[in-house]
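# Structure at a glance
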Amino acid sequence: MKLLVPVKRVIDANVKARVKADGSGVELANVKMAINPFDEIAVEEAIRLKEAGKAEEIVVVSIGPAQAAETLRTALAMGADRAILVKVDELVEPLGVAKVLKGVVEVERPRLVILGKQAIDDDSNQTGQMLAGLLGWAQGTFASKVEVAADRARVTREVDGGLQTVDLKLPAIITVDLRLNQPRYASLPNIMKAKKKPLDEKVPADFGADVKAKLKVIKTEEPSSRKTGVKVGSVAELVDKLKNEAGVL
Amino acid sequence: MNFDLSEEQRLLKDSVERLMLDSYSFGDRRKYQTEKRGFSEAMWARYAELGLLALPFAEEHGGFGGGAVETMIVMEAFGKALILEPYFATVVLAGGLLRLGASEAQKAELIPLIAEGRTKLAFAYAEPQSRYDLVDVETRAKRDGDGWILNGSKDLVLHGDAADKIIVSARTAGDTRENDGVGLFLVDADAPGLTRRGYPTQDGLRAADITLERVRVETANVIGDPAGAFPVISRVADEAVAALCAEAVGSFTQMQAITLDYLKTREQFGKKIGSFQVLQHRAVDMFVDLEQSRSMAIYAAIMAVESDASERERAVSAAKVQIGRSAKAIGQQSIQLHGGIGMTMEHSVGHYFKHVTMLDTLFGDAEHHLRRLAALGGLSGDQRME
Ligand SMILES: Nc1ncnc2c1ncn2[C@@H]1O[C@H](COP(=O)(O)O)[C@@H](O)[C@H]1O
């Protein structure tokens, strides 16, 4: 079976994000970028499925600027087989991404698309669900465990207060959560191999997708800084403060 | 000149930096330090898994054909994390001697063992009287049938106590300090007649003093020409200095970042101390030192493989001068700006200072290299002093 893993190039999780002076968004000039951490988990899961003999080929795809090729190379160096860069210079909203992905799916015909549960830059948490909607496929989101059989996938989902297991008929969409696996580091042998793996360049029009922005960003603000805490002397005092100062009880 | 990393170099950097970020916090390091050999065997296995132990070796020997820039990338990441493992001793030093000096048969046997993390090596070059002079070798190797007998003592053998095999420089001919007559001998760490006394160095890594009493070495374990190894030693030393410069830059980067963070956090007189202009000046000075060091470390890495000895030596020495000076400057500023806490065992910044001080003294301190540079005519080579 073929697996498709969409990966997004985002601001590195270890970098402190700063809002642009004009409030139009987050400053990305000269900022370290990396593969979205959830997508790394998705790539890892795909590799494990391949290693377990459940899949034959892993195709990674990224929609973004030319530099997203770096993100794809990272995925190839982890162990993906082939990459597709759908080049767009503007920011693409989740619906635009989902439309492009639908086009990619129609060409590539994967049995499973494994996405991150969300991209840490805008925390949308929408693309996987929208793609499932557009394709009319089953979806298992926030996966913390994935088991794949011939034409079904069992996905254990992290939901509020517990775990839920869904049984999906393939083809299907899975979005992965943090605890699914621990992604590997690209080793030198795999880095060398990645050099020779194919990376195709496309544009959204190749998939008949319209990626024009439908949303308008009104403003972007830094979160207010955290106030220093206080130490309470007793449980009674804590309860009193929660009740009367914080008003949460 | 294009200083951008290639795709493979970027991936390598990402991988090593991530590994360090995930598994080499200052707290992790303290745990590793209490392990039997003073470093983490588990991390050593990770380095092997990632291919780092095979990095500089040729592909036909199971390596990846990495050059000085790849080594720089790895050493810089290691310097940031202040790693304890014998990467420098095994891969850069001993690995360098094998790469440049060993026979095909020796490489075929040893390099896979290093690459798989199964064998650690050390290089015993320094002697009590030798100071920074690599050719000042009193340890003697005498012909004995079809082998050699070694007598002498070696000091400060980096990671000598953890090594499975030790490469020893010894004199087969000539007087102490003669260029000709030095050979390299591969000795098992448990060879009869070899004793080693291991100890922690002042920066918390490990070294050993080694005594050789009638240690027998078979001809098959002589690396290169038994009387003509000095050119190999000096090339490896230059590569080693370039690697140390990169490691220092990693440490400097961290010292500067930790200190800057402290300036932005610590309050005094009701204000963040970073708001005081005099301290801002110091922070700027640290940054300037860091960036000058970085540029020189890159220069040293590019020039470390230069075959013209005097060009190579000039570049490497100039870099080491900068690193030695910056080690002091950045180290002192970072401790000063932290105040008392900077000197405690619990805070990382003092440990960085100790380590970069050690890096300054390895393979010649700033003063030694300044003298060498002057003798070679300065960085441009045309300012020779008569
Ligand atoms: N530009 C993009 N290129 C490739 N995959 C993307 C892109 N944007 C989002 N995705 C995928 O959709 C997931 C959820 O993203 P989001 O809905 O933006 O939070 C990500 O973890 C990726 O797997």
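Residues numbered from 1 in each chain as written. Chains lettered and ligands numbered in written order. Predicted model: local features only at pLDDT ≥ 70, side-chain atom pairs only at ≥ 80, totals over all residues. Heavy atoms only, no water.

### A word on the sheet that holds strand β6 (residues 112-116) of chain A
All names here are of chain A. The criterion, for reference: Two strands qualify as a pair provided that DSSP identifies no fewer than 2 bridges between them. Strands here mean DSSP runs of E at least two residues long; helices mean DSSP runs of H or I at least four residues long; both are numbered from the N terminus. For helices, the fitted axis covers only the stretch in contact; all axes are lines through C-alpha atoms, and the angles between them, taken along N-to-C directions, range from 0 to 180 degrees. By the convention used here, residues are in contact when the closest approach between their heavy atoms is within 4.5 Å.
Read from one edge to the other, the open sheet built from nine strands follows the order β9-β8-β7-β10-β6-β1-β4-β5-β11, with strand pairing classed as mixed. On the outer flanks of this sheet lie β9 (162-169) and β11 (199-202), each paired with one strand and no other. Neighbour-to-neighbour, the strand axes of this sheet turn through a mean angle of 35°, independent of strand direction. With four bridges joining them, strand β7 (residues 138-148) and strand β10 (residues 172-176) adopt parallel strand pairing. Residue pairing across strands places A143 opposite V176, the latter belonging to β10. Helix α3 (residues 94-108) rests against β1 (2-6), β4 (57-64), β5 (82-87) and β6 of the sheet, and its axis sits at about 150° to β4.

### Focus on the pairing of β4(A)
Residue and element names in this part refer to chain A. Convention followed: Think of it in three bands: with a 1.4 Å probe and only protein chains considered, a residue is buried below 20% of the maximum accessible area for its type, exposed above 50%, and partly exposed in between. Note on handedness: a clockwise path from strand one over the helix to strand two, with the strands aimed away from the viewer, defines a right-handed crossover.
Buried residues dominate β4, accounting for seven of its eight residues. Direction of pairing for β1 relative to β4: parallel, over a ladder of five bridges. Following the sheet pairing, K2 is matched in β4 by E57. Alignment of β4 against β5, held across six bridges, turns out to be parallel. Bridge assignment links S62 to a residue of β5, and that residue is L85. Each parallel crossover has a hand, and the one from β4 via helix α2 (residues 68-78) to β5 is right-handed.

### Side note on the interface of chain A and chain B
The following threshold applies: What counts as buried area is the accessible surface, traced by a 1.4 Å probe, that two parts surrender upon association, with contributions from both included. By definition here, a salt bridge exists when the distance from a side-chain nitrogen of Lys or Arg to a carboxyl oxygen of Asp or Glu is within 4 Å. Nitrogen and oxygen atoms within 3.5 Å of one another constitute a polar contact, given that in protein one can donate a hydrogen and the other can accept it, and given that sequence-neighbouring residues count only through two side-chain atoms.
Between chain A and chain B, the contact holds 17 residues from the first and 21 residues from the second. A buried area of about 1,600 Å², summed over both sides, lies between chain A and chain B, and 61% of it is on carbon and sulfur atoms. Contact with chain B buries area across many residues of chain A, yet A:Y185, A:L188 and A:I191 alone supply 44% of it, more than any other trio. Counting across the chain A and chain B interface gives three salt bridges. Note that A:K32 is salt-bridged to B:D14, the shortest N-O span being 3.8 Å. Inspection of the region where chain A meets chain B yields five residue pairs in polar contact (both at pLDDT 80 or more). Sorting the residues of the side of chain A that touches chain B by element identifies α2 and α5 (188-194) of chain A as the ones contributing at least two each.

### Side note on the packing of aromatic side chains
Threshold: Note on aromatic contacts: the rings of Phe and Tyr and the six-membered ring of Trp form a pair at centre separations within 6.5 Å, being stacked when their planes are under 30 degrees apart, edge-to-face when over 60 apart, and tilted otherwise. Any Lys NZ or Arg CZ found within 6 Å of a ring centre and within 35 degrees of that ring's normal is scored as a charge over the ring.
Scanning the model with the defined rule gives nine aromatic pairs over all chains in all. Between B:Y24 and B:Y32, the aromatic rings sit 4.9 Å apart at their centres with planes inclined by 75°, giving edge-to-face as the arrangement. Its relative accessible area of 4% is what places B:Y24 among the buried residues. Relative accessible area serves as the criterion here: at 11%, B:Y32 is assigned to the buried category. Ring pairing ties together the aromatic residues B:W44, B:Y47, B:F78 and B:Y87, which thus form one cluster. Over the ring of A:F142 we find A:K117; its NZ or CZ atom is 5.7 Å from the centre of that ring.

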